[in-house]
Every structure is written in C-alpha cells, then in structure tokens.
Amino acid sequence: MIKFPLKLICSLTALIVVKPFSGYSQTAPAELTITRFSGPAITPSPACLAVAPTGEVFVGVDMIGSLGKDPGKGRILKLVDKDNDGKMDEHIEFATVDNPRGIIVMGNQVFVLHTTFSGETGKATGMALVVFEDKDGDGKADGPPKPLIEHLSNTKYIQERGTDHATNGIRMGIDGWIYIAVGDFGFHDATDRSGKKLTMLGGGIVRVRPDGTEMEIFTHGTRNVYDVAIDPYMNVFTRENTNDGGGWNVRFSHHIQSGEYGYPVLFQHFTDEILPALADLGGGSGTGALFMSEPGWPEKYNNVPMMADWGRSMLYIHRVKPDGPTFTQKEEDFIALPQITDLDVDGSGRLYLSAWDGAGYSGSDTIGFVVRAVPNNWSYKAFPDLAKAPVEELVNLLQSASAVARLNASQELLHRGNQQGIAATLKIASNAQLPLYARLAGLYTYAQATGKDGIAALLELTKDPSVKEHALRALADRKGILTDVPEQPFLDALKDPSPRVHAAAIVGLGRLGRIEAAAALLQTKVPASFVAPAKDKEGPHATPNSAIVLPHLAVRALVELNAVDAAVSAINGPNATLALWTLRYMHEEKAVDGLIAAYKQSKDEKLKKQILVTLARLYRKEDAYDASWWWGTRPDSHGPYYKAVLWAGSPVIEKFMKKEATNPARMPLFRDLDARNRMEIAAFAPLKKPETVAAKEPKVDLEKIKSRKGQVGKSSIEDVLLAVKQLKGDAAKGRVLFTNQGCIACHSLSRSEKMKGPFMGQIGSIMNRERIAESILKPNASISQGFATVTVTAKGNKTYVGFITEETATKVVMRDIAGEVYTVNAADILSRKEMKTSMMPTGLANALSYDEFASLVSFLAQQKK
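Attention here is on the structure that accompanies the text. (Residues numbered from 1 in each chain as written. Predicted model: local features only at pLDDT ≥ 70, side-chain atom pairs only at ≥ 80, totals over all residues. Heavy atoms only, no water.)

### A few points about the overall build of the protein
Spelled out, the test is: What counts as a helix is a DSSP run of H or I of at least four residues, what counts as a strand is a run of E of at least two, and both are numbered from the N terminus. Burial classes: relative accessible area under 20% of the type maximum marks a residue as buried, over 50% as exposed, and values in between as partly exposed (1.4 Å probe, protein chains only). Contact criterion: two residues are considered in contact whenever any of their non-hydrogen atoms come within 4.5 Å of each other.
What the protein contains, in helices and strands, is 23 helices and 33 strands. A total of 865 residues make up the protein; the buried ones form 60% of that total. Intrachain contacts of the protein at a sequence separation of at least 6 include 64% that bridge at least 24 residues.

### Points about the packing of helix α15 (residues 589-601) against helix α17 (residues 650-660)
Convention followed: Fitted lines through C-alpha atoms serve as axes, helices being fitted only where they are in contact, and the angles separating the N-to-C directions of these axes extend from 0 to 180 degrees. Roughly parallel covers angles under 35 degrees, roughly antiparallel covers those over 145, roughly perpendicular covers 65 to 115, and oblique covers all other angles. Take the far helix as your reference; a near helix turned counterclockwise from it by less than a right angle gives a left-handed crossing, and one turned clockwise gives a right-handed crossing.
The N-to-C vectors of α15 and α17 enclose an angle of 20°; their axes lie 10 Å apart at closest approach. In terms of orientation, α15 lies roughly parallel with respect to α17. Classified by chirality, the crossing of α17 by α15 is left-handed. Only Val-652, Ile-653, Phe-656 and Glu-660 of α17 make contact with α15, whose side of the interface consists of Val-592, Asp-593, Ile-596, Tyr-599 and Lys-600.

### Some remarks on the environment of Lys-833
For Lys-833, the position within the fold is in strand β33 (residues 829-834). For Lys-833, a relative accessible area of 57% corresponds to the exposed category. Taking the C-alpha atoms as reference, Lys-833 lies 5.6 Å from Val-790; in sequence the two are 43 residues apart.

### Topic: the environment of Lys-123
In this structure, Lys-123 sits in the loop between β7 (109-117) and β8 (124-133). Sequence spacing of Lys-123 and Lys-69 is 54 residues, and the spatial spacing of their C-alpha atoms is 7.5 Å. Excluding residues that lie within four positions of it along the chain, Lys-123 makes contacts with Thr-116, Phe-117, Ser-118 and Gln-159.

### With respect to the sheet that holds strand β24 (residues 340-345)
Our working rule: At least two bridges found by DSSP between two strands is the condition for calling them paired.
Strand order in the open sheet made by the 4 strands is β1-β26-β25-β24, with antiparallel pairing throughout. Each of the sheet's edge strands pairs with one partner strand only, and the pair in question is β1 (32-38) and β24. Averaged over all pairs of adjacent strands, the angle between their axes in this sheet comes to 25°, without regard to strand direction.

### A closer look at the pattern of salt bridges
Stated precisely, the cut-off is as follows: Think of a salt bridge as a Lys or Arg side-chain nitrogen and an Asp or Glu carboxyl oxygen that are within 4 Å of each other.
Using the criterion set out here, one finds 36 salt bridges in the structure. For Asp-346, the salt bridge goes to Arg-350, with nearest N and O atoms at 2.7 Å. Taking the relative accessible area as the measure of exposure, Asp-346 reaches 0% and is therefore buried. Judged by its relative accessible area of 2%, Arg-350 is buried. Note that Glu-680 is salt-bridged to Arg-620, the shortest N-O span being 3.7 Å. Placement of Glu-680 in the loop between α18 (667-677) and α19 (702-706) and of Arg-620 in strand β27 (residues 620-622) is noted, with a sequence separation of 60 residues between them. Judged by relative accessible area, Arg-620 falls into the buried class, the value being 13%.

### Some words on the nonpolar core
Where a protein is soluble and globular, its nonpolar side chains tend to be buried together. Let me state the cut-off plainly: Residue types Ala, Val, Leu, Ile, Met, Phe, Trp, Tyr and Cys, when buried and joined through side-chain atoms within 4.5 Å, form a set referred to as a nonpolar core.
With 154 residues, the main nonpolar core has Leu-129, Ile-178, Ile-180, Leu-443, Ile-611 and Met-657 as its most contacted residues. If we ignore the near neighbours within four places in the chain, the residues touching Leu-129 are Val-112, Leu-113, Lys-146, Pro-147, Leu-148, Ile-149, Ile-170, Ile-178, Ile-180 and Val-208.

### What to know about the packing of aromatic side chains
Our working definition: Two aromatic rings from Phe, Tyr or Trp, using only the six-membered ring of Trp, form a pair when their centres are within 6.5 Å; if the ring planes differ by under 30 degrees the pair is stacked, by over 60 it is edge-to-face, and anything between is tilted.
On inspection of all chains with the given rule, the structure shows 21 aromatic pairs. Where Phe-58 meets Phe-94, the ring centres are 5.4 Å apart and the plane angle is 85°; that geometry is what we call edge-to-face. In this pair, Phe-58 is assigned in strand β3 (residues 57-62) and Phe-94 in strand β5 (residues 90-95), connecting sequence segments 36 residues apart. Pair check on accessibility: Phe-58 and Phe-94 agree, each one buried. Between the aromatic rings of Tyr-800 and Tyr-822, the centroid separation amounts to 5.6 Å while the plane-to-plane angle is 55°, which identifies the pairing as tilted. Of the two residues, Tyr-800 sits in strand β30 (residues 798-807) while Tyr-822 sits in strand β32 (residues 821-825), which places them 22 residues apart along the sequence.

### Topic: the sheet that holds β8
Read from one edge to the other, the open sheet built from 6 strands follows the order β6-β7-β8-β9-β12-β13, with strand pairing classed as antiparallel. A strand with exactly one partner marks an edge of an open sheet, and here the two such strands are β6 (98-106) and β13 (197-200). The mean angle between the axes of side-by-side strands here comes to 25°, regardless of whether they run parallel or antiparallel. Here β8 pairs with strand β9 (residues 146-150) via 3 bridges, running antiparallel.

### Things to note about the pairing of strand β10 (residues 167-172)
Burial within β10 is extensive, with 6 of its 6 residues counted as buried. Counted along the chain from β10 to the antiparallel partner strand β11 (residues 178-182), the turn is 5 residues long, and its residue Gly-176 has a positive phi close to 85°.

### Thoughts on the side chain of His-114
Note on placement: His-114 falls in strand β7. Once residues lying within four places of it in the same chain are set aside, the contact partners of His-114 are Val-97, Asp-98, Asn-99, Pro-100, Gly-126, Met-127, Ala-128 and Val-130.

### A look at the packing of helix α10 (residues 499-512) against helix α12 (residues 549-561)
Packing of α10 against α12 leaves a shortest axis separation of 8 Å and a crossing angle of 15°. One finds that α10 runs roughly parallel with respect to α12. Between α10 and α12 the crossing geometry is left-handed. Side by side, α10 and α12 meet where Pro-499, His-502, Ala-503, Ile-506, Val-507, Leu-509 and Gly-510 of the first sit next to Leu-550, Leu-553, Ala-554, Ala-557, Glu-560 and Leu-561 of the second.

### Focus on unusual backbone geometry
Look at the link from Tyr-263 to Pro-264: it is a cis peptide, with omega at -5°. Along the polypeptide, Pro-264 turns up in the loop between β18 (249-255) and β19 (279-283). Put simply, Gly-639 and Pro-640 share a cis peptide bond, and its omega is 0°. Here the phi dihedral of Ser-45 falls at roughly 45°; this positive angle occurs in a residue that is not glycine. The class for Ser-45 is buried, based on a relative accessible area of 0%. One non-glycine residue with positive phi stands out, namely Asp-357, at about 60°. Within the element layout of this structure, Asp-357 appears in the loop between β25 (351-355) and β26 (369-375).

### Observations regarding the environment of Arg-511
Looking at the element boundaries, Arg-511 is found in helix α10. When its relative accessible area of 13% is taken as the criterion, Arg-511 is described as buried. For the pair Arg-511 and Ser-258, spaced 253 residues apart in sequence, the C-alpha to C-alpha distance is 9.5 Å. Apart from residues no more than four positions distant in its own chain, Arg-511 is found in contact with Arg-207, Glu-216, Gln-257, Ala-476, Asp-477, Lys-479 and Leu-482.

Encoded structure:
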C-alpha cells in the first residue's frame with residue numbers, strides 16, 4: 001500500500017472535495033489575466049450569468065441542477081466590483097427564481113428564463129421567460145416578474161426528469177429579438193404576452209420581441225442546445241450535442257432562419273434534407289455561448305464565437321470562415337474552467353465566466369465560482385449611464401466598435417422613441433463610409449423604431465450592395481407589416497450574385513406569404529450533393545455543405561407558402577427535383593393525387609422512381625405533439641418520423657404502390673422504400689432470412705464481484721483518488737480489467753458494438769483521470785445522462801429494472817444489471833419510475849489493488865474516439 005503523510009492527505013483531500021480555484025490562469029492564453037471574482041459561499045451552482053454594460057454581474061444560482069425537482073433553491077444575484085480589481089465587493093439578492101437558465105440585462109430590465117413551480121403542490125408547472133424591473137436602482141427587483149412567454153417547455157417531463165433537456169439560454173441580437181435555446185423537450189402551447197400559442201416537437205431556437213409578443217420558431221432540429229452566440233451581422237451559432245454513434249457528441253452549427261437541422265429523425269438517414277452542422281467535435285456538452293466583439297481584446301481572440309463546453313471543462317474559440325451563405329470552422333482551446341456553464345462581457349471588455357465545478361446533476365450549495373478574464377493591458381473605462389446620456393452620445397455609441405455598446409445604445413434609443421435619434425439611425429445605415437457593423441446597428445434600430453413607416457427607406461437601402469442582405473431581412477422581419485412590403489425586391493434578389501443576399505430573399509419570400517413567388521422559388525438549383533445516404537448508413541450531418549443551403553431554404557419557404565399546386569405542376573419539368581423535395585412534407589390528398597398523376601404521365605424511369613420515393617415518404621406523417629410523450633435521451637433516430645401515424649392519403653398511396661409492385665422485378669425497390677420510410681405495408685415486408693445464432697455476450701455476476709474485498713475496498717475514497725494521482729498504471733492491464741471486473745457487461749467501447757450503458761469509447765475526452773476514478777467509486781454521485789435506473793411495471797404482473805437503451809413510440813428496450821435485454825411494448829406499460837440511485841453498484845472496484853485501479857482508469861482515460 002502506498003502511504004502519504006497525513007498532512008498531505010488532508011490538504012489534498014480538501015482540494016478534491018472543495019476544488020478551490022487554483023492555477024486555471026495557467027491554462028489560459030498568456031495574453032489574459034484571470035482572477036477569481038466570487039466563490040461558492042456566494043455563487044454556488046452558477047448555471048448562467050449576464051453582465052450589464054456598466055459591469056454589474058447577474059448570476060443565476062441553481063441548486064436544483066438539471067435533475068433535481070425540489071423548488072426553493074434558486075436565485076439571481078447581482079454582484080458588484082466597486083474598485084474594478086476583478087473581485088466582487090458587494091452582492092445583492094436581485095430576485096428569487098428556480099432553475100435559472102438564461103439572463104439578459106438591458107437598462108433597468110432583467111430578462112430571466114427559469115422553471116416555474118406551483119406554490120401549492122411544489123411541482124414544476126413549466127418554464128417561463130419573464131422580465132424583472134429595478135426602477136429605483138437598489139439592486140433588487142421592484143416586485144414580481146412580468147411573464148413574456150409561459151409554458152415554454154414540457155411540464156410532464158420537467159416533473160419526471162428535471163430541467164435537463166428543457167429550455168435554456170437567451171441572448172438578444174442587434175435586431176432586437178430575444179433568441180431562446182430550446183432543448184429537445186420542446187414545448188406545447190407556449191403562450192406569449194399577446195396570447196399567441198406555439199407548439200414545437202423537439203429542439204431548436206425560438207425568438208420573441210422584448211415585450212413578449214411575436215413569438216416564432218427561428219430554426220428546428222437540434223438536441224440539447226443550451227445557448228446561442230450572435231455576431232454583429234446576425235449570424236447565430238450554437239454548440240449543441242447529439243446521441244449519434246452512441247456517445248454524446250458535440251456539433252457546432254450555424255443557424256440560418258427557417259432551417260431544419262434534423263435531430264433526431266433526419267440527421268442520420270435523411271441527411272440530404274437537412275442543413276448540416278459545421279463540425280462534429282466528439283464527446284462533450286455545450287453550454288454558454290458568446291460572440292466576442294470588443295475593441296480592447298487582442299485581435300486573435302476577438303470577433304469569434306466563444307463556446308463553453310461543460311463536459312470538457314473548456315471555453316473554445318471557433319474560427320469561422322465565410323463559405324457562401326454559411327461558414328466553415330476550426331475549433332481551438334481557449335480557457336480551461338471546471339464544468340464551465342456560461343460567459344458574458346461588459347462594455348469595458350471584462351469577460352466573466354461561471355464554473356459548475358462538480359456541483360453534480362442536482363446542484364450543490366458548496367461548489368461553484370465565477371472568474372473574470374481581461375487582456376493583460378486592460379484598464380477600466382467607465383461605461384456611461386445610458387438612461388442619462390444625451391441622444392447625441394447614444395448615436396455615437398451606435399457607431400462604436402463595441403458590440404455591447406451598440407446593442408445597449410440601440411435599445412435605449414428605441415426606449416426613448418426620440419425622432420432626432422431615429423433620424424440619425426437612418427443616416428448611419430446610409431453612410432457608406434462607416435464600418436458595416438455600425439451601418440447594420442443603425443439599420444436594425446431604424447427598422448424597429450419605424451415599423452411600416454420605414455419601409456420606403458429600407459427599400460432604398462436594398463439598392464446598396466453592402467447592406468442589401470440586411471435591408472431585405474429587416475423588411476420581412478416583423479409579420480405585422482408584411483402586407484405593406486412589396487415582393488419584387490425579393491424576387492429580384494433571387495438573381496443576386498451574393499449567396500447571402502439570395503438566402504435572405506428566399507427566407508423573406510417565405511415570410512411574405514405570397515403564393516405568386518412559388519414559381520420563382522422552384523427555380524432554385526439543387527446541387528449534386530443532394531443524395532440520400534446509402535441504406536442503413538449514417539449520412540454527413542456535420543459536414544459543411546454550402547451548396548445545399550439555398551435549395552434547402554427554398555423548400556422551407558415553399559412549405560411555408562403551402563405551394564402544393566405549384567410543386568405538383570413542376571414535377572414533369574426542369575425543377576422536378578426541388579418540387580419533389582418540397583412535396584415530401586405536404587401531407588395533403590391533392591399532393592398525393594398530383595404525384596400519382598405525374599407518375600402515370602412520365603416516361604422518365606429516374607423521375608418515376610423519385611416520385612415513388614416521395615409517395616413512400618408521404619405514406620405516414622408525424623403524430624400531433626401534445627407533450628404527453630418524449631423520445632428520451634437515446635431516441636430511435638432511424639426516421640423519417642418518430643411517432644408515425646397514418647392519414648387520409650395513406651390508403652391511396654398503399655393501393656397505388658401495391659399495383660406498381662405486381663412486377664416481381666420491381667419488388668426489391670418497394671421493399672427498400674418500405675424499410676427506409678417504415679411504411680410497414682405487409683405486402684412489402686422483407687423476406688425472412690435463415691436464423692443465425694447470435695454471439696453470446698459475457699454474463700457477469702456484478703453482485704458477486706462487488707462483494708470481493710481488496711485494497712481499494714479497504715481504503716477511503718480520498719486515499720484511492722490520491723493514489724491514482726501518483727500512479728500511472730498500465731493501460732493494457734486496464735483493458736483486461738475492464739472485462740474481468742464486469743465493465744463490459746454494461747459499457748461499450750466502440751460505436752460498432754451494440755450500445756449498452758454509458759458509452760466509454762470517448763470517456764477520456766469528456767472526463768479527466770480524477771473524475772473517471774470518482775465516477776467508478778461513487779456511481780450514485782453523478783449518474784450519466786440517460787442512464788438513471790428505471791423501474792417499469794407492465795401488464796401481466798411484470799416488472800423490469802434497468803436503463804433504457806432504445807425508445808420508440810411503440811416500444812422501450814431495457815438492459816438490466818446482468819446485461820439481459822428486454823423489449824417492452826409501450827402499450828403494456830402501466831408505470832415508469834426513475835430511481836435516484838445508479839444501477840452500477842458501489843464497490844465494483846473493491847477487489848482491486850491501487851495499481852490495478854490506476855490501470856483501469858488509465859485505460860479509460862485513453863478512450864477518446
């Protein structure tokens with residue numbers, strides 16, 4: 001046994017348990033100075049933060065965490081650094097809220113996204129975007145918040161699971177919209193301030209005006225997106241994750257308005273139809289996001305998206321490079337911080353970052369901190385009190401090199417409604433001598449201030465190539481004025497040489513709602529890359545494809561216009577590919593009739609096959625979402641639907657396809673269409689193959705293993721962790737132990753293996769050695785997302801205990817502690833309860849020596865696929 005001095009053990013144990021801030025500045029760029037701003041005594045479990053332009057830091061303390069369910073543990077704190085030395089001098093409890101997930105500070109208003117609870121039952125009632133006011137400037141909210149959007153998540157699953165896949169970060173763009181990151185719980189009947197209701201199955205980005213009106217979906221098809229970064233040119237970026245390949249990989253995405261990103265039903269086998277992410281970055285868990293654009297920062301760390309990753313304990317920079325209407329990217333390590341959750345910057349260039357620091361999935365009242373990062377040559381420069389600033393100063397700030405200054409000046413000008421200031425914003429937008437970021441700040445401020453009265457000026461700005469894209473966006477941005485906006489500038493812009501202008505024109509035509517535009521949209525060229533993945537192969541869902549953006553947006557616009565007749569008329573013409581792509585989403589009987597008629601008319605066998613592909617896709621449709629169900633953390637992602645149902649056009653399609661399949665030579669095509677689209681037409685069922693004997697998986701008696709006594713079992717967890725820090729271990733020996741200790745029964749190492757429990761093939765890219773060791777020794781302390789033990793009772797007096805390995809609308813597949821797999825029909829399930837303890841027993845490593853345990857940890861730490 002390795003022995004350590006008692007004093008060293010005590011001091012190192014304190015480091016392990018409390019994890020104080022120490023040495024993290026050494027992992028940041030040398031050009032930065034990092035100071036500890038606040039510690040766990042004030043800011044435990046910091047889930048989010050936002051900074052006023054004047055430097056006050058608002059921190060969302062969340063001691064419920066992502067899986068906790070007990071209210072009364074959250075608050076918004078206002079922290080003040082009076083002497084600007086990088087350390088908090090004063091803190092005030094601004095407001096009490098549970099599960100704060102996003103904050104925006106704008107003047108005397110503080111917008112907060114959080115979980116709501118019933119005062120009577122203590123149960124979650126949903127999520128809400130609210131606004132607090134502090135008109136008297138005492139640092140405390142004047143009273144209860146004003147709801148802007150209510151029911152902005154799935155109440156049933158927040159109650160059952162907690163706020164882990166719910167709605168998260170919020171950020172305001174220079175266009176004045178609040179952009180909201182929605183996890184794949186989605187929401188049903190979210191209601192904005194005007195009474196408008198909206199439902200979304202799955203995740204994406206929603207936006208709303210600061211007064212809580214005009215709520216709408218911006219993009220759709222992401223998994224657990226936590227926050228958004230918005231640049232001065234209204235490019236929106238996220239770092240969200242997926243469950244493809246069995247692990248939780250991170251994707252970096254550029255969000256283009258109206259885009260479909262595919263999770264979970266299109267992003268594997270229907271990737272030809274989606275806007276792909278810009279990169280699959282391997283294991284991790286994206287959290288806070290910010291586009292840094294502040295003049296005091298070093299050039300190489302400025303004008304870049306900065307994206308936090310909780311799983312990797314790292315703040316990343318993504319070097320984005322224009323690529324047609326979208327981008328390519330390159331990821332770089334930037335600042336290491338333990339389980340970083342959020343970041344924001346003030347008007348003086350001070351960057352603040354919050355660290356969860358191991359507070360667990362249910363939060364902690366003793367762990368978590370906030371740091372400040374500034375360039376080494378930084379000096380404090382007071383940001384003006386905008387409420388007292390003259391209009392001339394606000395106009396000057398609107399032209400500042402600081403994105404923080406421009407946004408806050410814009411909002412103050414809008415708040416005042418001063419005609420002199422509004423006139424000045426148009427002058428800024430029209431001044432070709434100014435930087436583009438300043439012109440756009442003027443343009444979007446003017447558009448918001450004038451509404452339909454500003455249409456003529458915006459139309460004039462569409463003649464200026466530098467701002468044409470944004471003038472078009474602003475013209476189609478607010479649905480309340482669209483009846484007064486002519487479509488001709490948008491139609492003309494479809495021929496513009498700039499792909500970004502072309503994209504804005506397409507999106508705008510979809511928003512204008514003029515069916516006359518359908519013919520022009522159908523002429524959008526479809527590239528050769530529009531190819532479905534090979535059978536049962538995962539497509540390139542995270543490979544940049546700028547050529548697919550314009551046709552994708554055209555399809556979304558045509559669907560928004562419900563251009564069924566135009567699409568049907570184009571089937572036998574030169575625009576057939578885009579027309580058939582569009583018709584895949586049009587579950588209307590006249591679409592089916594039109595497809596069948598076009599098929600009978602055509603002599604082109606290739607075209608006829610594509611018509612059959614479209615009909616097969618239309619055979620079923622997604623069931624209406626009522627929030628009574630969710631696809632879970634490991635959904636069936638075969639596609640094209642999750643909970644598919646038949647509809648009025650299904651019998652017509654089935655009859656027609658059966659007739660066409662009477663030729664035996666064509667039956668393989670119909671079998672493939674049936675399997676790919678999950679039509680489940682009996683006549684097209686696959687031929688039965690001879691049964692093969694499945695390879696037996698190792699059966700492991702975990703209870704027997706855990707009862708063995710050895711060196712690890714006789715030591716304290718702290719001593720074992722200290723030993724692992726000192727011992728390198730033998731990774732080759734660790735591989736053998738991975739099997740012998742029963743790990744292989746519940747964990748896969750390769751994506752080619754059948755997924756079991758938490759995927760270990762990339763654990764080394766997510767956790768360091770200490771965290772891997774701790775998760776083995778204390779499995780109940782941090783249960784991996786999606787692998788809580790579940791007890792299911794079913795008809796026939798049956799009970800199953802295990803974790804969910806696959807879930808569809810019709811079945812649940814479970815794996816128990818011995819590695820046995822069970823399939824339970826969803827219709828037979830009587831109850832389903834998630835346990836608070838891990839299925840992995842404590843003590844599985846008790847029989848090991850320190851050296852053996854270190855070897856197992858070393859082996860796992862090398863798994864970085």
